[in-house]
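Summary of structural features
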Amino acid sequence: MINDALELIPVNETDLDYLYNLQCIEGIRKFALDSNIPKYDEHIKWFNNKLKSDTTKIFKIVDNDIIIGVVRLDSLLDSTESIAEISLTIDPKYAGKGYAKRTINKIIKVTDLDAYHAVIHKSNIASQKVFSANRFSYNSLYCPKFNLYIYRKG
Ligand SMILES: CC(C)(COP(=O)(O)OP(=O)(O)OC[C@H]1O[C@@H](n2cnc3c(N)ncnc32)[C@H](O)[C@@H]1OP(=O)(O)O)[C@@H](O)C(=O)NCCC(=O)NCCS
């Protein structure tokens, strides 16, 4: 049962395997910038660096104590404004129920930045719908096959 009380809970050391197992689900990285599944030791290194980083925040998306997926904010440092790039993964078990749309809506509400970026594969229709529904607009070509969408607050 979906309610409106989605929680965004910062990840900690105990979430290492949850994040890895999510990445290993078949097809989940199909539209990622790097679509290869990382090796477990690469994941450990990546995860520990992200946990230590001042510029990354990763949250579990939780509904009624069930983990639905994860959302990550990576701050862009080469700007005078506060901008973060959003990456989002919803467990396919819970896909198509509006969780992604509600997660983006919530993360924008609970964080205070000037703008949010999303880099979306041109064939990732579901993701385009999610960000468009949250008023992200096409901005530019980011790299071949990927477009940059931006939402500006205020
Ligand atoms: C893309 C993703 C975030 C969507 O999550 P979700 O919770 O299923 O999305 P929502 O239910 O909020 O809404 C998605 C919309 O796309 C539609 N959709 C879902 N899968 C689709 C598909 N394969 N093709 C076309 N549309 C699709 C849904 O019907 C819904 O459409 P609507 O606006 O007409 O109602 C999720 O599939 C995912 O994590 N994919 C892998 C990682 C990824 O691509 N992340 C995004 C890049 S940052």
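For the structure, check the block above.
Residues numbered from 1 in each chain as written. Predicted model: local features only at pLDDT ≥ 70, side-chain atom pairs only at ≥ 80, totals over all residues. Heavy atoms only, no water.

Now for the overall build of the protein chain. Within the protein chain, the regular secondary structure consists of four helices and seven strands. Projected onto its principal axes, the C-alpha coordinates of the protein chain cover approximately 35 × 35 × 30 Å. Out of the 154 residues belonging to the protein chain, those deemed buried represent 40%. Sequence-distant contacts in the protein chain: of pairs separated by 6 or more residues, those separated by 24 or more amount to 60%. A total accessible area of about 9200 Å² is found for the protein chain, and carbon and sulfur atoms account for 50% of it. Across the protein chain, the centroid of the 21 positively charged side chains sits 6 Å from that of the 19 negatively charged ones. (Helix = DSSP H or I, 4+ residues; strand = E, 2+ residues; numbered from the N terminus. Buried < 20%, exposed > 50% of the residue type's maximum accessible area, 1.4 Å probe, protein only. Contact = heavy atoms within 4.5 Å. Areas by Shrake-Rupley, 256 points an atom, 1.4 Å probe, with all protein chains shown as cover. Lys, Arg positive; Asp, Glu negative; His and termini not counted. Charge placed at Lys NZ, Arg CZ, Asp CG, Glu CD.)

Before going further, it helps to spend a moment on the side chain of Thr111. With respect to the helices and strands, Thr111 occurs in the loop between α3 (99-110) and β5 (115-121). Polar contacts involving the side chain of Thr111 include one to the main-chain carbonyl oxygen of Ile107, which spans 2.5 Å. Aside from chain neighbours lying at most four places away, what touches Thr111 is Leu73, Tyr116 and Lys153. (Polar contact = N/O pair within 3.5 Å; in protein donor to acceptor, adjacent residues only side chain to side chain.)

Moving on: the packing of aromatic side chains. Taken as a whole and judged by the stated rule, the model has five aromatic pairs. Cluster of aromatic residues (ring-pair linked, three or more members): Tyr116, Phe131, Phe136 and Tyr151. (Phe/Tyr/Trp six-rings, centres within 6.5 Å; stacked < 30°, edge-to-face > 60°.)

Of the voids in this model, the largest pocket is the one considered here, and its volume is about 1400 Å³. For the largest pocket, the lining is made up of 45 residues, of which Ile28, Ser87, Leu88, Thr89 and Asn124 are closest to its centre. Looking at which element gives the most residues to the lining of the largest pocket, the answer is strand β4 (residues 83-90), with six residues. Classifying every residue of the lining of the largest pocket by side-chain character gives 26 nonpolar, ten polar and nine charged. Quantified by volume, the second largest pocket comes out at close to 180 Å³. Along the walls of the second largest pocket sit 14 residues, with Lys57, Ser75, Ile83, Ala84 and Leu113 positioned nearest its centre. Looking at the lining of the second largest pocket, the elements with two or more residues in it are β2 (56-63), β3 (66-76) and β4. No other element matches the three residues that β3 contributes to the lining of the second largest pocket. Of the residues in the lining of the second largest pocket, the class split is five nonpolar, five polar and four charged. (1 Å grid on protein atoms, 1.4 Å probe; cavity = no way out; pocket = protein on both sides within 12 Å on 5 of 7 lines; lining within 4 Å. Points joined across faces, edges and corners; volume = space filled by probe spheres on them. Nonpolar A, V, L, I, M, F, W, Y, C, P; charged D, E, K, R; others polar.)

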